[in-house]
Amino acid sequence: MTRSRTRHRPIHRLGAFALGGLLAGGLALAPCAQAEPLPLPSPAPIPDAERIDRDAAVRGNQLQLHQGLALATLGSMALTAGLGLYTTSLSAPEQHELFQHVHMGLGGLTTGLYLGAATLALTAPQGYALEREGWDAVTIHRSLAWLHAAALAGTVTLGILTSIGRIPPSTHGLAGGTTFGLLAVSAGVIAFDF
């Protein structure tokens, strides 16, 4: 009987991860539900100036929400990492399991917030074409986005493998620290406009 209970524990941990992701999805989509609906397409073409103004307003709103969710993701990731480090130091099995479930739930929340922020950035209407020479803050930010997206996917995968005992927690922790660092640098590039 003990054997069947331990076999199902990873499923419960994954459930905590999924619950955190669903919560983050609801938080990310709540502002969209309160937004004014876009007007229905009119049979007459919209003048370019009016379309550009409308797209600029939508883009500005989406990128502000993107920034808010990205900062929430960074905070959630810091909390998740701190709890993960604390969990590995625990010796009592019942405490370790409780904090591990909370860590997985926060991991799901972090992943959901990240996906919400990424969706807002990727679906924002195009801005004005600007002539840029070399590397600027936006170009660096976009380049780092590909790196921290891949790092987050690796962190989640390694976290699942850690929860079922396939790899040591230190490997998952190293991936999580790398992801946090890349995300923090990406946010810093925009905040300080390097």
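Scoring rules and cut-offs
- Residues numbered from 1 in each chain as written.
- Predicted model: local features only at pLDDT ≥ 70, side-chain atom pairs only at ≥ 80, totals over all residues.
- Heavy atoms only, no water.
- 1 Å grid on protein atoms, 1.4 Å probe; cavity = no way out; pocket = protein on both sides within 12 Å on 5 of 7 lines; lining within 4 Å.
- Points joined across faces, edges and corners; volume = space filled by probe spheres on them.
- Helix = DSSP H or I, 4+ residues; strand = E, 2+ residues; numbered from the N terminus.
- pLDDT = per-residue confidence, 0-100.
- Contact = heavy atoms within 4.5 Å.
- Core = buried A, V, L, I, M, F, W, Y, C linked by side-chain atoms within 4.5 Å.
- Buried < 20%, exposed > 50% of the residue type's maximum accessible area, 1.4 Å probe, protein only.
- Phe/Tyr/Trp six-rings, centres within 6.5 Å; stacked < 30°, edge-to-face > 60°.
- Salt bridge = Lys/Arg side-chain N within 4 Å of Asp/Glu carboxyl O.
- Expected span 1.5 Å × (residues − 1).

Caption draft 1: Representation of the layout of surface pockets in the model. Roughly 800 Å³ of internal volume is contained in the second largest pocket. Along the walls of the second largest pocket sit 36 residues, with Gly84, His103, Gly159, His172 and Gly173 positioned nearest its centre. Broken down by secondary-structure element, the contributors of at least two residues to the lining of the second largest pocket are α1 (2-34), α2 (48-89), α3 (93-123), α4 (137-163) and α5 (169-192). Among the elements that take part in the lining of the second largest pocket, α5 stands out by supplying 9 residues, more than any other.

Caption draft 2: Broad picture of the environment of alanine 121. Residue position: alanine 121 is located in helix α3. Taking the C-alpha atoms as reference points, alanine 121 and glutamine 64, separated by 57 residues in sequence, lie 9.5 Å from one another.

Caption draft 3: Just the confidence of the model for the chain, in detail. Looking at the chain as a whole, the pLDDT averages 81, with 72% of positions reaching at least 70. Confidence over residues 1-8 falls short of pLDDT 50; this stretch has 0 contacts with residues more than four positions distant or in other chains.

Caption draft 4: Spotlight on the nonpolar core. Within the largest apolar cluster, 7 residues are counted, these being Leu69, Leu83, Leu106, Leu109, Leu113, Ala117 and Leu120. Broken down by element, this core gets its largest block of residues, 5 residues, from α3. For leucine 106, the contacting residues outside a window of four places in its chain are Ser76, Leu79, Thr80 and Leu83. Met77, Tyr114, Leu152 and Leu183 belong to the second-largest nonpolar core, a separate cluster that totals 5 residues.

Caption draft 5: Inspection of the packing of aromatic side chains at higher detail. Enumeration according to the criterion identifies 1 aromatic pair in this entry. Where tyrosine 86 meets phenylalanine 99, the ring centres are 5.2 Å apart and the plane angle is 85°; that geometry is what we call edge-to-face. Highlighted residues: tyrosine 86 in helix α2 and phenylalanine 99 in helix α3, separated in sequence by 13 residues. Judged by its relative accessible area of 24%, phenylalanine 99 is partly exposed.

Caption draft 6: Fine view of the side chain of histidine 66. Mapped onto the fold, histidine 66 is located in helix α2. With residues near it in sequence (within four places) discarded, histidine 66 still touches Ala117, Ala118, Leu120, Ala121 and His141.

Caption draft 7: Up close: the pattern of salt bridges. Under the definition given, this model contains 1 salt bridge. Across the pair arginine 54 and aspartate 55 runs a salt bridge whose closest N-O atoms are separated by 3.9 Å.

Caption draft 8: α4, seen in detail. The terminal C-alpha atoms of α4, which comprises 27 residues, lie 37 Å apart, in line with the 39 Å expected from a rise of 1.5 Å per residue. Those residues of α4 not exposed but buried are Ala137, Leu144, His148, Ala151, Leu152, Thr155, Gly159, Thr162 and Ser163. Directly after α4, the chain includes glycine 165, whose backbone phi takes a positive value near 85°.

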